[in-house]
Amino acid sequence: MFKYVIKPLLILAVAVGFSSCTDTTTETITYTANVPVYMSYNDFRSSFKVSEPQDIETPGKIYFKDSYLFVNEREKGIHVIDNSNPAAPVKIAFYNILGNVDMAIKGDKLFADSFIDLVVFDISDVRNPVEIGRVENVFPEVVPIGDFYFPCVQVDKSKGIVVDWETQSVTDQYTINYNPWWWRGEFDFTVATANGPLSAGSGIAGSMARFMLSENYLYTIATPYSLETFEISTPSTPVRVDSIGTSRFMETLFKHENHLFVGTNNGLLIYSISAASKPNLVSEYNHVTACDPVVVDGQYAYVTLRSGNQCNNAANVLEVIDISSITTPYLVKQYPMFNPHGLGIDENLLFICDGDAGLKVYNRQDPLSILQNQLAHFTDINTFDVIPYNGVLMLIGADGIYQYDYSNPQDIRLLSTLSISTQEK
């Protein structure tokens, strides 16, 4: 892998070193790179449309609200699924939102990222959403994921927004190894009938969420090092009211009571949101460098750490952290895992997406013996994230959406699957 990325850079280093000794000498190099495909800003900002249900091809984040399941199609939009009967989910619409990865819903208003913009939709009729607001350049450095094996040439923002990459041979006098996908994440169910109007409250996000709602505020990770707060009492015109810079690479958000838990690649940040418009850092918990989703309930926070290309670590563990004193969190126990991703909790149940090792379900009542209290293990699925709610577990994986009935923890049963399209992408 590395030879594709390093070789042009090494040549460049030689060229730069040589030219520094002789002012009149330049070197030309040819290499394979990701070349941006541009769309004009006007075309991009008028591109939203709703269409008939589409095949699920590359599922990402999930969100649940009022018997509807919203599933991100990475960088393309959102699948809307009527989940009033989890044993028979029905896809009812697809929202074409270029560059979408994250979402949050308050009442009948959907907040979603669209590459560099934050967009607001009225989904009071989920089959016919209407764009009602947009805040431009909230996520200023976001571009699509390119071919990991090749560098990216420099983006020229004057040409428009980057909506794709093409792998091409490039000849130039220099190259910039611009790696723009550093924070996009994983990276990232009888037939149901139409549900009624959406209720006033917020929905439920998975543990990989980068958007989090609290009352009239939306918190977003705008860049890996910037936490933004928007006041959304008038949903069509979100107002940025606070911006917090950190030295840590932020990845996920989770709200519990009056605190916001921020998973970073080397620790957990805990902010008080008692003054919701201005989060206040109250404590930090450090761990080895690794990808880091977190969920919280009562006295404990549960963090999964995993290895991977974007995580730069060999640790694959579950950590249980005591937060009874919110200002001094400490590690209670660490458990080995295979390659854990998202996780969820409901009362004494702990659900862990352990990557290729599948879904694992534990009784978490005793934090010192979680592995000894495994209730179920569903293998042969590559798992990413979960939302447990009212006895139904909604799981997103590499192969699609799985739903389980866990109303009887001693007999957890698969209810349904929605498989991804097997067509060549």
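Residues numbered from 1 in each chain as written. Predicted model: local features only at pLDDT ≥ 70, side-chain atom pairs only at ≥ 80, totals over all residues. Heavy atoms only, no water.

1. A short note on the overall build of the protein
Step number 1: In terms of regular secondary structure, the protein is built from two helices and 32 strands.
Step number 2: Of all 425 residues assigned to the protein, the portion counted as buried reaches 54%.
Step number 3: Per element, the accessible surface of the protein, about 17,900 Å² overall, is 48% carbon and sulfur. (Helix = DSSP H or I, 4+ residues; strand = E, 2+ residues; numbered from the N terminus. Buried < 20%, exposed > 50% of the residue type's maximum accessible area, 1.4 Å probe, protein only. Areas by Shrake-Rupley, 256 points an atom, 1.4 Å probe, with all protein chains shown as cover.)

2. Notes on the side chain of Ser416
Step number 1: Counting through the fold element by element, Ser416 comes out in strand S32 (residues 413-419).
Step number 2: Among the polar contacts listed, one links the side chain of Ser416 to the backbone oxygen of Pro86, at a separation of 2.6 Å. (Polar contact = N/O pair within 3.5 Å; in protein donor to acceptor, adjacent residues only side chain to side chain.)

3. A short note on the side chain of Asp354
Step number 1: Tracing the backbone through its elements, the reader meets Asp354 in the loop between strand S26 (349-353) and strand S27 (359-363).
Step number 2: On the basis of relative accessibility, which here comes to 0%, the residue Asp354 falls in the buried class.
Step number 3: At a separation of 3.0 Å, a polar atom in the side chain of Asp354 contacts the main-chain amide nitrogen of Phe338.
Step number 4: Non-local contacts of Asp354, meaning those with residues more than four positions away in its chain, are made with Met337, Phe338, Asn339, Pro340, Lys360 and Thr383. (Contact = heavy atoms within 4.5 Å.)

4. Some remarks on the pairing of S26
Step number 1: Taking burial as the measure, the five residues of S26 include five buried ones, the bulk of the element.
Step number 2: Here strand S25 (residues 343-346) runs beside S26; their pairing, made up of four bridges, is antiparallel. Across the sheet, the residue bridging to Leu343 is Ile352, located in S26.
Step number 3: A loop of two residues connects S25 with S26, the two strands running antiparallel in sequence, and Glu347 in this loop sits at a positive phi of about 55 degrees.
Step number 4: Where S26 lies against S27, five bridges are found, and the strand directions are antiparallel. Considered in S27, the bridge of Cys353 is made with Leu359.
Step number 5: Between S26 and S27, which pair antiparallel one after the other, the connecting turn spans five residues, and Gly355 there sits at a positive phi close to 60 degrees. (Pairing = 2+ DSSP bridges.)

5. Points about the pattern of salt bridges
Step number 1: All told, the structure shown has 16 salt bridges when counted by the stated rule.
Step number 2: Asp113 serves as the salt-bridge partner of Arg210, at 2.6 Å between the closest nitrogen and oxygen. Each member of the pair, Arg210 together with Asp113, is buried.
Step number 3: Of the charged contacts, one joins Arg240 and Glu228 as a salt bridge, the two residues approaching to 2.9 Å between their closest N and O atoms. In this pair, Arg240 sits in strand S16 (residues 239-245) while Glu228 sits in strand S15 (residues 226-231), placing the two residues twelve residues apart along the sequence.
Step number 4: By sharing partners, the salt bridges in this structure join Arg45, Asp117, Glu131, Arg134 and Glu136 into a single network. (Salt bridge = Lys/Arg side-chain N within 4 Å of Asp/Glu carboxyl O.)

6. Digging into the sheet that holds strand S24 (residues 330-336)
Step number 1: Spatially, four strands are ordered S21-S22-S23-S24 in an open sheet, and the strand pairing comes out antiparallel. In this open sheet, the two strands that pair with only one neighbour each are strand S21 (294-297) and S24. Averaged over all pairs of adjacent strands, the angle between strand axes in this sheet comes to 20 degrees, irrespective of strand direction.
Step number 2: Direction of pairing for strand S23 (residues 317-322) relative to S24: antiparallel, over a ladder of six bridges. Of the residues in S24, the one forming a bridge with Glu319 is Gln334. (Axes fitted to C-alpha atoms, helices over the stretch in contact; angles between N-to-C directions.)

7. Digging into the packing of aromatic side chains
Step number 1: This model, assessed by the stated rule, comprises nine aromatic pairs.
Step number 2: Grouped by ring-pair contacts, the aromatic residues Phe48, Tyr95 and Phe121 constitute a single cluster.
Step number 3: Taking the ring centre of Phe384 as reference, the NZ or CZ of Arg74 above it sits at 5.4 Å. (Phe/Tyr/Trp six-rings, centres within 6.5 Å; stacked < 30°, edge-to-face > 60°. Lys NZ or Arg CZ within 6 Å of the ring centre and 35° of its normal.)

8. Some remarks on the sheet that holds strand S8 (residues 109-114)
Pairing between sheet strands relies on hydrogen bonds along the backbone, with the strands arranged either parallel or antiparallel.
Step number 1: Within the open sheet, the four strands sit side by side as S7-S8-S9-S10. Their pairing is antiparallel. Edge positions in the open sheet fall to strand S7 (103-106) and strand S10 (130-135), since each of these has one partner strand only. Adjacent strand axes in the sheet meet at a mean angle of 25 degrees, parallel and antiparallel pairs treated alike.
Step number 2: Sheet topology note: the S7/S8 ladder contains four bridges and is antiparallel. Bridged to Ile105 within S8 is Leu110.

9. Thoughts on the confidence of the model for the protein
Step number 1: Residue-level pLDDT values for the protein average 86, and 85% of them are 70 or greater.
Step number 2: Segment residues 1-24: pLDDT under 50, and 27 contacts once partners within four positions in sequence are set aside and those in other chains are kept.
Step number 3: Confidence drops under pLDDT 50 across residues 178-195; counting only partners more than four residues distant or on other chains, this segment forms 85 contacts. (pLDDT = per-residue confidence, 0-100.)

10. Things to note about the environment of Ile92
Step number 1: Positionally, Ile92 belongs in strand S6 (residues 90-96).
Step number 2: Judged by its relative accessible area of 13%, Ile92 is buried.
Step number 3: Taking the C-alpha atoms as reference points, Ile92 and Ser51, 41 residues apart in sequence, are found 9.3 Å from one another.
Step number 4: In this view, Ile92 contacts Pro53, Tyr68, Val80, Asp82, Val126 and Arg127; residues no more than four positions away in its chain are not counted.

11. Quick notes on the nonpolar core
Step number 1: Residues Phe70, Tyr95, Leu110, Leu118, Phe121, Ile123 and Leu218 are the most contacted members of the largest nonpolar core, which totals 37 residues.
Step number 2: Those elements that provide at least two residues to this core are strand S4 (68-73), strand S5 (77-82), S6, S7, S8, strand S9 (117-122), strand S13 (211-214) and strand S14 (217-223).
Step number 3: Top contributing element to this core by residue count: S9, with four residues.
Step number 4: Excluding anything up to four places from it in sequence, Leu118 contacts Phe111, Ala112, Gly133, Arg134, Val135, Val138, Phe139, Phe211, Leu218, Phe230 and Pro238. (Core = buried A, V, L, I, M, F, W, Y, C linked by side-chain atoms within 4.5 Å.)

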